[in-house]
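# Residue-level structure breakdown
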Amino acid sequence: MSIDKDGVPLIKAPYSVSAEVINSFYNDRLDWVRSRQLMYEACETRRRETLASEVNSLPLFGKEYPVTHENRQYGFDWKTFNLPSESFAEMRSYIISMYRRIAAADLPKRVEKYSEIIGVSPSAVKINSASTRWGSCSAKGSINFSWKLIIAPEDVIDYVVVHELCHLKHMDHSPAFWEEVAKVIPDWQLKRAALKGVQQLVSEKALE
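So, here's what we can say about the structure. (Residues numbered from 1 in each chain as written. Predicted model: local features only at pLDDT ≥ 70, side-chain atom pairs only at ≥ 80, totals over all residues. Heavy atoms only, no water.)

Helix α4 (residues 154-166) packs onto helix α3 (residues 88-118) with a crossing angle of 55° between their chain directions and a minimal axis gap of 9 Å. On the basis of their axis angle, the class for α3 and α4 is oblique. α4 is crossed by α3, and the crossing has right-handed handedness. Listed contacts from α4 to L107, R110, V111, Y114, S115 and I118 of α3 are E154, I157, D158, V161, V162, L165 and C166. (Axes fitted to C-alpha atoms, helices over the stretch in contact; angles between N-to-C directions. Helix = DSSP H or I, 4+ residues; strand = E, 2+ residues; numbered from the N terminus. Parallel < 35°, antiparallel > 145°, perpendicular 65-115°, else oblique. Left-handed = near helix turned anticlockwise from the far one by under 90°. Contact = heavy atoms within 4.5 Å.)

Let us look at the environment of W147. Its location among the elements puts W147 in the loop between β9 (142-146) and α4. Not counting residues up to four positions away in its chain, the partners in contact with W147 are I96, Y99, R100, A103, I127, N128, S129 and L207.

Before going further, it helps to spend a moment on the pairing of strand β3 (residues 57-60). Alternating positions in β3 separate into two faces, S57 and P59 on one and L58 and L60 on the other, with burial throughout. Bridge count for β3 against strand β4 (residues 63-68) is four bridges, and the pairing is antiparallel. Within β4, the position partnered with L60 by the bridge is K63. The turn joining β3 and β4, which pair antiparallel and follow one another in sequence, is formed by two residues; a positive phi near 50° is taken by F61. (Buried < 20%, exposed > 50% of the residue type's maximum accessible area, 1.4 Å probe, protein only. Pairing = 2+ DSSP bridges.)

Applying the stated criterion to the full structure yields one cavity of 30 Å³ or more. Along the wall of the largest cavity there are eleven residues; nearest its centre are V55, L83, S85, F88 and I95. The dominant element in the lining of the largest cavity, judged by the number of residues it contributes, is α3, at three residues. Counted by class, the lining of the largest cavity contains seven nonpolar, three polar and one charged residues. (1 Å grid on protein atoms, 1.4 Å probe; cavity = no way out; pocket = protein on both sides within 12 Å on 5 of 7 lines; lining within 4 Å. Points joined across faces, edges and corners; volume = space filled by probe spheres on them. Nonpolar A, V, L, I, M, F, W, Y, C, P; charged D, E, K, R; others polar.)

According to the stated counting rule, one finds seven salt bridges in the structure shown. Across the pair R110 and D106 runs a salt bridge, and its minimum N-O distance is 2.5 Å. Highlighted residues: R110 and D106, both in helix α3, separated by four residues, approximately one helical turn. Comparing R110 with D106, the two get one shared label, buried. The salt bridge involving D187 is made with K191; its shortest N-O contact spans 2.5 Å. A network of salt bridges, in which partner residues are shared, links D106, R110, E154 and D158. (Salt bridge = Lys/Arg side-chain N within 4 Å of Asp/Glu carboxyl O.)

With that settled, the discussion passes to helix α5 (residues 175-184). Along α5, the positions that sit buried rather than exposed are F177, W178, E180 and V181. End-on view of α5: buried residues confined to an arc of 155°, all on one side of the axis. Away from the buried face of α5 by more than 90 degrees, exposed residues P175, E179 and K183 are located. Looking at the buried side of α5, the elements it contacts are α3, α4 and α6 (188-204). (Arc of directions from axis to C-beta.)

The volume enclosed by the second largest pocket comes to roughly 290 Å³. Residue lining of the second largest pocket: 13 residues in total, with R133, W134, G135, H163 and E164 positioned closest to the centre. Among the secondary structure elements, those contributing two or more residues to the lining of the second largest pocket are α4 and α6. For the lining of the second largest pocket, the leading source of residues is α4, giving four residues.

Before going further, it helps to examine the nonpolar core. Grouped together as the largest cluster of nonpolar side chains are 50 residues, with contacts concentrated most on L58, L60, F81, Y99 and F145. Listing elements by their share of this core, those giving two or more residues are β3, β4, α3, β9, α4, α5 and α6. The dominant element in this core, judged by the number of residues it contributes, is α3, at twelve residues. If sequence neighbours within four positions are ignored, Y99 has contacts with L58, P59, L60, F81, W147, I150, I151 and L207. (Core = buried A, V, L, I, M, F, W, Y, C linked by side-chain atoms within 4.5 Å.)

These figures capture arrangement, not role.
Dropping the structure here:
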């Protein structure tokens, strides 16, 4: 059983399991379901409050940069996010497109750097809007990253890049795969754990 992003419970079971067994399974876990739904409702309330209020700063590469509305040269100048409106709700699509542009400029360079170190050659590097994966590697050798990844500190970004590139050698999470990751990122466990904090920041800033 799991709860989706809208708070709807989802149950997966083999075809051989009867509806009675599934219903009993669900009914035995109603308290857990309700507690999760309340958590999602609280998150959605915070999200709406964030969208309705002025945002004073935005995260990038593990740092917070101030937001201003004083300069008509809208964008990010590596010191400040210059935005044309004080309403985050109105500016959200602009902010996301700005993040995507930064990700499209930054992540391929990291892929190029670590591809040489690891000794692999991806067929393509793509930026997407995935909300459940920081990165992925297709069977055809294409490396994909969520634009949200650039919110993370740079060493954490590098871990995700190395992780996906190592899948070009091992399309699994076998011991051999993690050994390959550790050759480049010895403390990869710490970097992976740090991604939870980044995901929380993405949610707090309503950038999901």
